[in-house]
Amino acid sequence: QVPFVESGGGLVQPGGSLRLSCVVSGGFFRFFSMGWYRQAPGKQRESVASITSGGGSTNYADSVKGRFVISRDNVKRTVYLQMNSLKPEDTSVYYCNEDPATSYWGQGTQVTVSS
C-alpha cells in the first residue's frame, strides 16, 4: 500500500493558487510531523514546508514563506499545502512525507506555473 497519495496539482498562471492534498495510510499519522517536498527537473528534492503532529508549529523554506501554508487534518489523515502567488520557479513535482522524510515516496503531483 502506497503510504502517501498526493493530488491537486495542475497548470496555473503566475500569481495563481493551488491547494495540494496528501492522504496518508496507516493509523499512526497523528503522531508524526509531516512535510511537503518538491523536486524540479535536474535538481535535488528540497523541503518546502513542515508541520508538527498536532499542527501547532510550522516551518517554511525561505523561497515560499508568506505564500504557502501547510495544514493537516488528523481525523482525515490528510496534509494540505495551500500555494498562493505562484511563480514559475515553483514548477516542480510535489511530494508529501514524514518530517524527517522516510525512504518511501508516493508518485507526487505535478505543479506547473506558466503563462
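Numbering of residues starts from 1 in every chain and runs along the sequence as written. Selection of residues for local features in this predicted model requires a pLDDT of at least 70, selection of side-chain atom pairs for listing and counting requires 80 or more, and totals for whole chains, interfaces and linings are taken over all residues. Values reported for side chains reflect all heavy atoms of the structure, with hydrogen atoms and water molecules removed beforehand.

Peer 1: Even after reading the chapter, I still don't get the sheet that holds strand β8 (residues 78-83), so can you show me in this structure?
Peer 2: Consider a sheet: its strands pair through backbone hydrogen bonds, and that pairing is either parallel or antiparallel. Taken in spatial order, the four strands line up as β1-β3-β8-β7 in an open sheet, and their pairing is antiparallel. On the outer flanks of this sheet lie β1 (4-7) and β7 (68-73), each paired with one strand and no other. The mean inter-strand angle of the sheet, taken between neighbouring strand axes irrespective of direction, is 15°. Note that β1 and strand β3 (residues 18-24) share four bridges and pair antiparallel. The residue of β3 that forms the bridge with valine 5 is valine 23. Should DSSP find at least two bridges between two strands, the strands are taken to pair. A helix here means a DSSP run of H or I that spans at least four residues, while a strand means a run of E at least two residues long, and both kinds are numbered starting from the N terminus. Here an axis means a line fitted to C-alpha atoms, over the contact stretch when the element is a helix, while the angle between two N-to-C directions is reported on a 0 to 180 degree scale.

Peer 1: What should I look at first to understand a nonpolar patch on the surface in this one?
Peer 2: A residue counts toward a patch only above 30% relative accessible area and without a salt bridge, and it is joined to like-charged neighbours within 9 Å or, for Val, Leu, Ile, Met, Phe, Trp and Tyr, to nonpolar neighbours within 5 Å. Working definition of accessibility: Shrake-Rupley area with a 1.4 Å probe, residue cover restricted to the visible protein chains. Salt-bridge detection follows one rule: a side-chain nitrogen of Lys or Arg within 4 Å of a carboxyl oxygen of Asp or Glu. A cluster of nonpolar side chains, contributed by Val2, Val5 and Val23, occupies part of the molecular surface with about 230 Å² of accessible area. Relative to the elements of secondary structure, valine 2 occurs in the segment before β1. Residue valine 2 is classed as partly exposed on the basis of its relative accessible area, which comes to 48%. Buried, partly exposed and exposed residues are distinguished by accessible area as a fraction of the type maximum, computed with a 1.4 Å probe on protein chains only: under 20%, between the cut-offs, and over 50%, respectively.

Peer 1: Explain the pairing of strand β10 (residues 109-113) here, please?
Peer 2: Burial along β10 is one-sided: Thr109, Val111 and Val113 are buried, while Gln110 and Thr112, pointing the other way, are not. Of the strand pairs in this sheet, strand β9 (residues 92-98) and β10 are connected by three bridges, and their pairing is antiparallel. Considered in β10, the bridge of serine 92 is made with valine 111.

Peer 1: Hey, could you run me through the pattern of salt bridges in this one?
Peer 2: Pairs may arise between side chains of opposite charge once their charged atoms sit close together. The full count for this structure, using the stated rule, is four salt bridges. For arginine 38, the salt bridge goes to aspartate 90, with nearest N and O atoms at 3.0 Å. Residue arginine 38 is found in strand β4 (residues 34-39), and its partner aspartate 90 is found in the loop between β8 and β9; the two are separated by 52 residues along the sequence. Residue aspartate 90 is classed as buried on the basis of its relative accessible area, which comes to 0%. One salt bridge connects arginine 67 with aspartate 90, and the closest N-O pair in it is separated by 2.7 Å. Here the residue arginine 67 occupies a position in the loop between β6 (58-60) and β7, and aspartate 90 occupies one in the loop between β8 and β9, the gap between them amounting to 23 residues. Each member of the salt-bridge network shares a partner with another, and the members are Arg38, Glu46, Arg67 and Asp90.

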